[in-house]
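Listed here are the chains, written in short residue letters.
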Amino acid sequence: MPSFDIVNRLDHQEIDNALGNATREITTRYDFKGSDTSIEKKENTIVVITDDEMKAGQVNDMLVTHFVRRKVDPLCLKKNDMEKAGGNKIRQTYELVEGIEQSLCKKITSDIKSSKLKVQVKINGNELRVEGKKKDDLQSVMKLIEDAKIGIPCLLYTSDAADEGLGVDLGG
């Protein structure tokens, strides 16, 4: 029976490359001269420490730009509240969203079931597997997910492509 998986996986090497490029740009930009701005990655969090809110906003724009250039969806960045750091500095933290939360899995499952397509949806941890007898039904589900704008980057892996590591990026 044909099937596909709905997953949200991050390419940490590309994320590291994007952070390295953003750091390099900060050292060369004129408006950051004399500023003590740093970007650090720890596990699934990115910490930006800078002088003021304006520079924090510029670093945010740089991060998004470099993520897009490295083909990493910026929807995987969840921006947390700004907080004061020591010495008149501001700390901005970002969470890297990987996997699909249970509540979102249930929402996607209910959306698919309400579409009355003849497919089965199974939740496997932080992934979804959609199975159906007809490829047309599966393609309809893919279109449904693409149009849903679920707010996270999603990849669809068909059963054949999952073995080869190929996927279709929906962007979210």
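This one's a predicted model, so the numbers in the text were calculated from it and none came from an experiment.

**Considering the environment of Gly-86**
Here's step 1: Summarising the element assignment, Gly-86 is placed in the loop between β5 (83-85) and β6 (89-96).
Here's step 2: Distance in space between the C-alpha atoms of Gly-86 and Ile-49 is 9.9 Å, their sequence separation being 37 residues.

**A few points about helix α4 (residues 135-148)**
Here's step 1: A rise of 1.5 Å per residue sets the reference length of α4, with its 14 residues, at 20 Å; its end C-alpha atoms lie 20 Å apart and thus fit the reference within 8%.
Here's step 2: By the burial criterion, the buried members of α4 are Asp-137, Leu-138, Val-141, Met-142 and Ile-145. Seen from one end, α4 has its buried residues packed into an arc of 145 degrees, which puts them on one side.
Here's step 3: Where α4 is buried, its residues touch β1 (3-7), α3 (102-114), β7 (119-124), β8 (127-132) and β9 (155-158).

**Some words on empty space enclosed by the protein**
Here's step 1: Applying the stated criterion across every chain yields a total of 1 cavity of 30 Å³ or more.
Here's step 2: Roughly 50 Å³ of volume is contained in the largest cavity.
Here's step 3: Within the residue set of the lining of the largest cavity, elements represented by two or more residues are α3 and α4.
Here's step 4: For the lining of the largest cavity, the residue count by class is 6 nonpolar, no polar and 1 charged.

The rules behind each value
Residues numbered from 1 in each chain as written. Predicted model: local features only at pLDDT ≥ 70, side-chain atom pairs only at ≥ 80, totals over all residues. Heavy atoms only, no water. Helix = DSSP H or I, 4+ residues; strand = E, 2+ residues; numbered from the N terminus. Expected span 1.5 Å × (residues − 1). Buried < 20%, exposed > 50% of the residue type's maximum accessible area, 1.4 Å probe, protein only. Arc of directions from axis to C-beta. Contact = heavy atoms within 4.5 Å. 1 Å grid on protein atoms, 1.4 Å probe; cavity = no way out; pocket = protein on both sides within 12 Å on 5 of 7 lines; lining within 4 Å. Points joined across faces, edges and corners; volume = space filled by probe spheres on them. Nonpolar A, V, L, I, M, F, W, Y, C, P; charged D, E, K, R; others polar.

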